[in-house]
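Chain residues, written in single-letter form:
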Amino acid sequence: MKKTSIILSIAFLSAALLNSCKVEDNSVKQLNQNGMVVTSYWQTATQRLLLNMPNTAFHFNAWLSASEEERPGIEDQYFNYSKIRQISDNEWAILLNGRTLCSINTGGKLLSDPGAEWHVLDYEHAVPLRDMLPFGKDSVRMTLRHTGNKWTSETYGLEGMGSSADYIPFYRFSITPESGMVPADLNECRCIVDGQGRYVFRTYQYADNADTPVEIHNYLTFSLTEATTENFFHWKNGLLTIRLSADMNAYEAGATNRLQYDSILIQDRLSVRSGEQYAEITMHDVTETWPVGRLREDHFECGNFFAALLGLFF
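Residues numbered from 1 in each chain as written. Predicted model: local features only at pLDDT ≥ 70, side-chain atom pairs only at ≥ 80, totals over all residues. Heavy atoms only, no water.

1. Brief notes about the pairing of strand β5 (residues 117–122)
Note on strand geometry: in a regular strand, side chains alternate between the two faces of the sheet.
In step 1: The two faces of β5 differ: Trp118, Val120 and Asp122 on one face are buried, but Glu117, His119 and Leu121 on the other face are not.
In step 2: Relative to strand β6 (residues 140–147), β5 runs antiparallel, the two being bridged by six bridges. The residue bridging Trp118 from the neighbouring strand is Leu144, located in β6. (Buried < 20%, exposed > 50% of the residue type's maximum accessible area, 1.4 Å probe, protein only. Helix = DSSP H or I, 4+ residues; strand = E, 2+ residues; numbered from the N terminus. Pairing = 2+ DSSP bridges.)

What follows is the structure, given as structure tokens:
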């Protein structure tokens, strides 16, 4: 089925440029709250993605670049429950209980070497959150490159996962450590992150008089600009743009708000206050500040996210 999209534009600009106001309009406040929940979900998914394959590669680089005497301690620190095994001259595997979690091809270079390009194959590719579509089928391929004083990590979904290139999930992040040195652990690195990507999630909605729910794919296409962080739950001074769309199945399930939401602009900037993440969200010339929570893998919080998505379209 050819897919069309229902568009919600979510753009994040400097609060200094906004003419902010407050209103007591429950419908507008609900829209801003939905934007906050979507931001929370983006933040949790991004944190888990960056601390999966990219961070594993940085851990492995710390082990590979260490002396023989230092390697056991690094393996205990970062690969406590898994084992590192060399496959060929430039390729290693990370094993757990005899199964391969991922393989890493270094091309004969360390990540500290200019022009280094590593290829990581993740055979587990567990999705970060419930009902998030994977980036691959049998495995997920990530490329990690050293360009200047930064490292770029990118993953693209396979052809056939969407009806066109506009629907294929992907992410691409550029990580610039303030120290200028290759990090051993992204959780212990103050850095600036820029990135783009598309996350895809399933939601379900019953059409009128239907016995079974309609599966709807929701696309969160985003860009992140100059976000300083020491922790991927705490983005400082980051400019985030999210474009949210749903496929044609949303219409079949009875979506009614296309015209209302086509031109919505949410202006928002991420910030940290007293150690907690906040987002200043502007919609319909109304600005509200919301705390951006960490989502847990439980039914209640995931249900909140799905309800927020459906609430934008129905």
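Read on, since the account is not over.
2. Looking at the nonpolar core
In step 1: By size, the foremost hydrophobic cluster in this structure holds 59 residues, and its most contacted members are Trp42, Phe60, Trp118, Leu144, Tyr171, Tyr199 and Trp235.
In step 2: Those residues within four positions of Trp42 in sequence are excluded, and the remaining contacts are Tyr199, Phe222, Leu224, Trp235, Leu240 and Ile242. (Core = buried A, V, L, I, M, F, W, Y, C linked by side-chain atoms within 4.5 Å. Contact = heavy atoms within 4.5 Å.)

3. Description of the packing of helix α2 (residues 53–64) against helix α3 (residues 71–78)
In step 1: One way to put it is that α2 packs onto α3 with a least axis distance of 9 Å and a crossing angle of 165 degrees. Classified by the angle their axes make, α2 and α3 are roughly antiparallel. The two elements α2 and α3 meet at a crossing, and its hand is right-handed. Contact residues: α2 offers His59, Ala62, Trp63 and Leu64, while α3 offers Arg71, Ile74, Glu75 and Tyr78.
In step 2: Residue composition of the contact of α2 with α3, by class: five nonpolar, one polar and two charged. (Axes fitted to C-alpha atoms, helices over the stretch in contact; angles between N-to-C directions. Parallel < 35°, antiparallel > 145°, perpendicular 65-115°, else oblique. Left-handed = near helix turned anticlockwise from the far one by under 90°. Nonpolar A, V, L, I, M, F, W, Y, C, P; charged D, E, K, R; others polar.)

4. A word on the pattern of salt bridges
In step 1: Taken as a whole and assessed by the stated rule, the structure comprises eight salt bridges.
In step 2: Note that Arg71 and Glu68 form a salt bridge whose closest N and O atoms lie 3.4 Å from each other.
In step 3: Given a relative accessible area of 58%, Glu68 falls into the exposed group.
In step 4: For the salt bridge of Arg190 with Glu230, the shortest nitrogen-to-oxygen distance reads 3.0 Å. Taken as a pair, Arg190 in the loop between β8 (170–177) and β9 (191–205) and Glu230 in strand β10 (residues 214–231) lie far apart in primary sequence, 40 residues in all.
In step 5: Via salt bridges that share partners, Glu117, Arg145 and Glu154 belong to a single interconnected network. (Salt bridge = Lys/Arg side-chain N within 4 Å of Asp/Glu carboxyl O.)

5. Side note on α2
In step 1: Counted at 1.5 Å a residue, the expected span for α2 with its 12 residues is 16 Å, and the 16 Å between its end C-alpha atoms agrees.
In step 2: Here α2 lies mainly inside the structure; 12 of its 12 residues are buried.
In step 3: Taken together, the buried positions of α2 are occupied by Met53, Pro54, Asn55, Thr56, Ala57, Phe58, His59, Phe60, Asn61, Ala62, Trp63 and Leu64. (Expected span 1.5 Å × (residues − 1).)

6. Concerning the packing of aromatic side chains
Geometrically, a pair of aromatic rings is defined through the distance of the ring centres and the angle of the planes.
In step 1: Counting across every chain of the model gives 14 aromatic pairs.
In step 2: For the pair Phe60 and Trp63, a centre-to-centre distance of 5.5 Å together with 25 degrees between the ring planes defines the contact as stacked. Of this pair, Phe60 and Trp63 both sit in helix α2, three residues apart, which is roughly one turn of the helix.
In step 3: Using a relative accessible area of 0% as the deciding quantity, one classes Phe60 as buried. (Phe/Tyr/Trp six-rings, centres within 6.5 Å; stacked < 30°, edge-to-face > 60°.)

7. Here's the deal with the side chain of Arg198
In step 1: Topologically, Arg198 is positioned in strand β9.
In step 2: Given the relative accessible area of 10%, Arg198 is considered buried.

8. So, the pairing of strand β7 (residues 150–156)
In step 1: Within β7, five of the seven residues are buried, which leaves it mostly tucked inside the rest of the structure.
In step 2: In this sheet, β7 lies alongside β6 in antiparallel orientation, the contact comprising six bridges. What sits directly across from Met142, in β7, is Thr155.
In step 3: Linking β6 to β7, which pair antiparallel, is a turn of two residues; within it Gly148 sits at a positive phi near 65 degrees.
In step 4: With six bridges connecting them, β7 and β8 associate as antiparallel partners. Bridging across to β8, Thr155 finds its partner in Tyr171.

9. Section: α3
In step 1: When α3 is considered as a whole, its buried residues turn out to be Arg71, Ile74, Glu75 and Tyr78. Buried positions in α3, seen along its axis, are confined to an arc of 100 degrees and lie on one side of it. In α3, the exposed positions that point more than 90 degrees away from the buried face belong to Asp76 and Gln77.
In step 2: Against α2 and β2 (83–88) lie the buried residues of α3. (Arc of directions from axis to C-beta.)

10. What to know about the state of the cysteines
In step 1: By the definition in use, this model includes zero disulfides.
In step 2: Not part of a disulfide, Cys191 finds its nearest cysteine sulfur in Cys189, a span of 4.1 Å. (Disulfide = S-S within 2.5 Å.)

Scope: geometric values only; no functional claims are made or implied.
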